[in-house]
Amino acid sequence: MIIILFGPPGAGKGTQSKFLVNKFNFIQISTGDLLRNEINKKSKYGQQISSIINKGELVSNELIYSIIDSYLNNIKENKNIIFDGYPRNLKQAEKFNELMIKHNFKLDKIFFLNVKRKEIQNRISGRVICTNCKEIFNTNNKDKNLINHKCGDSFFIKREDDEEKTILKRYDLYMADTAPLIDFYKKHIGYCEIDGNKEILQINEQIEGFLNI
């Protein structure tokens, strides 16, 4: 089964991808992770990416396509794969279709995590990450896992990119850029809009209900 999971910054894509990985043994493909891995490996792609980022430019759709294409070459058929945050615009969607054909895959489900701007603001303003285990929490919620966290609160930091104004700007840009993509995928029989304003477990249930696994 091939799934696309997309939504604005702070929508919980990573959390829901982790849920699918743990419960249904999905392989998660995140473009951000792939780019960082290439940089860390100092591969030919990594060198290009570093150069682009150092110039303050965006990695091209073509380069992202090449990296994902290379990654898929190492995946056997009949695997459960979730594309986390990719594609994010129409050009990438067109290239994604090319990837599906080339690797003999079939896109089954498209989940759009629809989260209101106000909810994103609430989540981001309270988000902290444990530098010891990398787990993410929200101080605005009464989270027992946060209170009883095994590492203690001394490791908690607020990530630099979680500054409220920055995230909200990213949210607005994302929604404007992604609106055509939503219209594009609404025509697909597997398109599902998920109410991402709910609690994590409720969102888990929505996604699991649409999967029919």
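Given the structure is predicted, the values throughout are model-derived calculations rather than measurements. (Residues numbered from 1 in each chain as written. Predicted model: local features only at pLDDT ≥ 70, side-chain atom pairs only at ≥ 80, totals over all residues. Heavy atoms only, no water.)

**Describing the overall build of the protein**
Then, in step 1: A tally of regular secondary structure across the protein gives nine helices and eight strands.
Then, in step 2: Relative to the globule expectation of 17 Å for 213 residues, the C-alpha radius of gyration of the protein, 18 Å, shows essentially globular dimensions.
Then, in step 3: When the backbone C-alpha atoms are referred to their principal axes, the protein occupies close to 50 × 40 × 35 Å.
Then, in step 4: Put simply, the protein has 213 residues, and 44% of those count as buried.
Then, in step 5: Considering only contacts within the protein whose residues lie at least 6 apart along the sequence, 71% involve residues at least 24 apart.
Then, in step 6: Approximately 12500 Å² of the protein is accessible, and the part contributed by carbon and sulfur atoms is 48%.
Then, in step 7: Here the protein contributes 33 positive and 27 negative side-chain charges, whose respective centroids are spaced 1 Å apart. (Helix = DSSP H or I, 4+ residues; strand = E, 2+ residues; numbered from the N terminus. Rg over C-alpha atoms; globule rule 2.2 N^0.38 Å. Buried < 20%, exposed > 50% of the residue type's maximum accessible area, 1.4 Å probe, protein only. Contact = heavy atoms within 4.5 Å. Areas by Shrake-Rupley, 256 points an atom, 1.4 Å probe, with all protein chains shown as cover. Lys, Arg positive; Asp, Glu negative; His and termini not counted. Charge placed at Lys NZ, Arg CZ, Asp CG, Glu CD.)

**Some remarks on the environment of Glu-199**
Then, in step 1: Positionally, Glu-199 belongs in the loop between β8 (191-195) and α9 (200-211).
Then, in step 2: The spatial distance from the C-alpha of Glu-199 to the C-alpha of Lys-106 is 30 Å, given a sequence separation of 93 residues.

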